[in-house]
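What follows is each chain in one-letter form.
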Amino acid sequence: MTAGADAIVVGGGLHGCSAALHLAMRGARVLVLEKDTVARHASGVNAGGVRRLGRDLAEIPLADAAARVWHAIGDLVDDDCGFQPSGQVKIGETEAEMAEMAARVERIRALGFAHEVLIGADELRERLPAVAGHCRGAIVVDGDGHANPFRTTQAFHRKARALGVRFLEGTAVRDLARAGGAWTVDSAAGHSQAPVLVNCAGAWGAAMAAKLGEPVPLSAEAFMLMVTQPMAPFVGPVVGAWGRALSFKQLGNGAVLIGGGHRGLADPDANRAGVDVAGLAASARTAAAIFPVMRHAAVVRAWAGIEGETPDKIPVIGESATAEGAFHAFGFSGHGFQLGPIVGRVVADLVTDGATDLPIEAFRIDRFAN
Amino acid sequence: MTARPDIAVVGAGPAGMAAAVAAAEAGAHVMVFDEQPGPGGQIYRAIETPGPAGDAVLGADYAAGRGLSRAFRDSGAEYLPGATVWQVSPDREVGVSVDGRARIIKAGAVIVAGGALERPFPIPGWTLPGVMTAGAAQIALKASGLAAADAVFAGTGPLLYLIVDQYLKAGVPVRAVLETTPWSAYLGALPRLPGALLRAGKLRQGLGYIRAIRDAGVPVIRGVSGLAVAGDGRAERVAYTHGGHRHEIAAEHVFVHQGVVPNVNLTRSIGCRHDWDPAQACWRVATDAWGATDVAGIFAAGDGAHVGGAEAARLGGQLAALGALCTIGRIDAAVRNNRGAPIQHALAWELRPRPFLDALYRPAAADRVPAGDDVVVCRCEEVTAGEVRATAALGCLGPNQLKSFCRAGMGPCQGRLCALTVTELLAEATGRPPDAVGDFRRRPPVKPLRLAELAALEPDDTDGGDAGP
Ligand SMILES: Cc1cc2nc3c(=O)[nH]c(=O)nc-3n(C[C@H](O)[C@H](O)[C@H](O)COP(=O)(O)OP(=O)(O)OC[C@H]3O[C@@H](n4cnc5c(N)ncnc54)[C@H](O)[C@@H]3O)c2cc1C
Ligand SMILES: Cc1cc2nc3c(=O)[nH]c(=O)nc-3n(C[C@H](O)[C@H](O)[C@H](O)COP(=O)(O)OP(=O)(O)OC[C@H]3O[C@@H](n4cnc5c(N)ncnc54)[C@H](O)[C@@H]3O)c2cc1C
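Please read these numbers as outputs of a predicted model, since none were measured by experiment. (Residues numbered from 1 in each chain as written. Chains lettered and ligands numbered in written order. Predicted model: local features only at pLDDT ≥ 70, side-chain atom pairs only at ≥ 80, totals over all residues. Heavy atoms only, no water.)

Participant: Break down the nonpolar core for me, citing the residues and quoting the values.
Facilitator: Side chains of a nonpolar character, in soluble globular proteins, are inclined to be buried together. Residues and elements named next belong to chain B. Core analysis: the biggest nonpolar cluster contains 65 residues, and Ile 7, Val 30, Val 32, Ile 111, Phe 153, Tyr 167 and Val 177 have the highest contact counts within it. Considering every element that reaches this core, the biggest residue donor is helix α11 (residues 310-327), with 11 residues. What Val 32 contacts, discounting residues up to four positions off in sequence, is Val 9, Gly 11, Ala 12, Ala 20, Phe 72, Ala 77, Glu 78, Tyr 79 and Leu 80. (Core = buried A, V, L, I, M, F, W, Y, C linked by side-chain atoms within 4.5 Å. Buried < 20%, exposed > 50% of the residue type's maximum accessible area, 1.4 Å probe, protein only. Helix = DSSP H or I, 4+ residues; strand = E, 2+ residues; numbered from the N terminus. Contact = heavy atoms within 4.5 Å.)

Here it is, written out as structure tokens:
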């Protein structure tokens, strides 16, 4: 029996840590239950891309608000999280792609967002001298960039702890029950009670939601990354491609991190994510096509992290549609790292004020009900 | 990508060669991969193309490998030299690079016979140029007849004396041998002597090396502790404690060695279960009597599974071949048991002296876990023992968390050179047994793979989906 909490957060990933931190900043006593260790899953092993570029229209206002937090991340968590505002670039390889990209930039401009900018071949080569000759142009977002995911999640964890949040690691939540205006959470640590429950269980989020009687068709995916031996510096910004899956960046030590949505084998029950060589080969082809210098790189390690993906590839954020005092933030579908600092604030808004000033209608859990 | 061997063997040392011979004899289609240019493994390195060193220098044990390598060549097993295996998947797909081309070969069973590695020897100055392992010094001698004169050899284990002996036979002067076997190890080993005496020949061989070294006038200083190498940008001198006093010897080459341990990178990356072996203070893959791991169709044999020396590796290879043949349905269990019984008997006999040798040559705790905080533990990322201890003090319990916190084990060697030190350091710092502390997760590729080769692998229908940059 763990006593005296105002809120219990399930999951010690970036979203659980951020929600806990923001609740604590408003004076709440928070308990976080994490089945493994903080940052063990997607939040600790992702590509660290801090990207507004190319977001689903519904996510843009959140991503835009998050970007502002990222640029002053030290004010929030007393650590710069390794954030490098080196920019993000999404490359077009054909004229047809360039036309689609121009339409995209126009479309979000009409919504009032000016961060995405279309550039032509000359400027692309100026920004990325190593890019392959066939690339036609790109959408760029200055001020986007990348951060160190493990360090970021640990910074949120540390700051939350400093504000009194209690974390129990190695503590899996097994069951939830609501009675007399309070949740009783059954875990390896016994029964814990609090009026508020926050589900930040990542790829396991649907299992929690199911306990509240609101099923979500979430699939657990093993997104893969690989890293090379250090190379001489040749690229600053994070690079993606419009027409194929790619996420590409060179880290401070010269190593190149290559990802881009190819999937390995996820076994969420066993906590395992394995790599699939065919998918890695596809990533390697894309990387070598866009940066010919990469042909000489040596891959030294590949890994996968488990992430929850929804059918519409945007997360579930908001109040439970079935249970009182329960809130969700999970299923970030491969791009929730950048959103971490803001979604925690949204959750705290909902818990403490019952509303938030950011648009989250699109993320309602009951969108899957019919 | 067309070949589908019944049995794939990784490694053409005594274990891999013997496995291949036994499996091919039974009619199986066998493919053997080894990154070296010729068969032989560590002990019989360059056995088909002996360098200037020759049999007279390398000894009778070395020459004995020629029979096995001939049988291997004649066995009908398909052998690919210069073939680096960078992945084996749990469903027995072998990812291998030959001549700059990567391939995936699916086998009915895989026998991992990748051999051992020298145990890390984390002392002050071990990263200085001029310091290398005695095994690396032996490789230079075997492969190209190259040897550095007036080196100091330091450490413990039977191989150390063998290599010094080989140097002397090659006419290369050796400055001194600093033996780090702690006195307590002699006492610890004593009760295990009777079992070992049954194989007195083996023990006599070891004593023979020591006598030869002494006869050659090389000082052998026993019971040495506190080894440290120092110098300005490279090794210039070795310091050590002996008889309660610090001493120093000038040396530009210092060859260190404290035994060999299984190389678990491949079996770990497959996901096989591993246990801590307290006698040899290392991880070893869990297998049954036929070398079968807990992953179906994946076998392990030789010093990569359990350090027992070349003859034990050869026998273990034969047993794994029988196990694999049975798994793929080439022979039934009765035949396997029948053919295996005499081999198992011989293996038990071969391993008789092991408990004694393990106890005698167990490196001192202080040589496995550096006392000083400035000693580098992870060479790739230059992480010191002090940093590991500080991270443990922050609440980091295991090697994988440690990796994220301070990058230890993140380099291209994937922990091959620091994993044991890290496990034992964390065990000491957190007061938990090594088994509870665990080991680094190893990820494919277990050997660096050129991106162009990976890119050239056949396209497939993997759904790219929405990127998560
Ligand atoms: C390889 C990879 C690359 C990525 N790259 C990027 C990128 O570049 N940019 C970007 O924005 N996003 C990226 N993402 C996505 C991003 O990592 C995730 O969206 C984000 O980390 C999700 O955080 P989370 O807290 O929801 O999930 P997680 O980090 O998975 O945390 C959920 C936690 O809940 C715990 N848990 C689950 N069930 C229970 C239970 N019953 N009891 C107790 N605890 C439980 C889990 O153990 C886990 O630690 C990537 C993801 C991967 C896998
Ligand atoms: C440096 C060193 C020197 C040694 N010298 C001697 C000696 O002189 N005398 C002695 O009695 N014992 C020596 N040993 C002990 C040795 O382990 C055994 O005697 C014996 O060689 C073990 O046989 P094995 O078949 O298990 O492995 P090994 O003989 O080590 O053979 C393993 C083979 O697998 C190959 N291999 C490993 N991983 C891969 C991969 N991923 N892809 C492709 N190929 C791979 C290696 O190239 C190697 O040829 C030495 C050990 C080491 C580490």
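Participant: Kindly report on the sheet that holds strand β14 (residues 237-242) of chain B, identifying the contributing residues and their values.
Facilitator: Residue and element names in this part refer to chain B. Spatially, β13-β14-β15 is the arrangement adopted by the 3 strands of the open sheet, whose pairing is antiparallel. Single-partner strands in this sheet number two, and they are β13 (225-230) and β15 (245-250). Ignoring strand direction, the axes of neighbouring strands in this sheet form an average angle of 20°. Sheet analysis places β14 next to β15, joined by 6 bridges and oriented antiparallel. Residue pairing for β15: Ala 239 is matched across the bridge by Glu 248. (Pairing = 2+ DSSP bridges. Axes fitted to C-alpha atoms, helices over the stretch in contact; angles between N-to-C directions.)

Participant: Break down unusual backbone geometry for me, with residues and values.
Facilitator: Residue Pro445(B) follows Pro444(B) across a cis peptide bond; omega there is -10°. Tracing the chain through its elements places Pro445(B) in the loop between α18 (434-437) and β23 (449-450). A positive phi is found at Asp78(A), a non-glycine position, where the angle reads about 60°. Residue position: Asp78(A) is located in the loop between α4 (73-77) and β4 (88-92). Exposure remark for Asp78(A): the relative accessible area of 56% places this residue in the exposed category. Not every positive phi belongs to a glycine, and Ala281(B) is a case in point at roughly 50°. With respect to the secondary-structure elements, Ala281(B) resides in the loop between β18 (274-277) and β19 (282-285). Residue classification places Ala281(B) among the buried positions, given a relative accessible area of 0%.

Participant: Account for the environment of Thr287(B), naming residues and giving values.
Facilitator: Residue and element names in this part refer to chain B. By secondary structure assignment, the location of Thr 287 is in the loop between β19 and β20 (298-300). The exposure class assigned to Thr 287 is partly exposed, which follows from its relative accessible area of 37%. Separated by 14 residues in the primary sequence, Thr 287 and Arg 273 place their C-alpha atoms 8.6 Å from one another. Those residues in contact with Thr 287, other than ones at most four positions away along the chain, are Ala 292, Thr 293 and Ala 300.

Participant: I'd like a description of the side chain of Asp358(B), backed by residues and values.
Facilitator: Here Asp358(B) shows up in helix α13 (residues 354-360). Once residues lying within four places of it in the same chain are set aside, the contact partners of Asp358(B) are Ala279(B) and Gln280(B).

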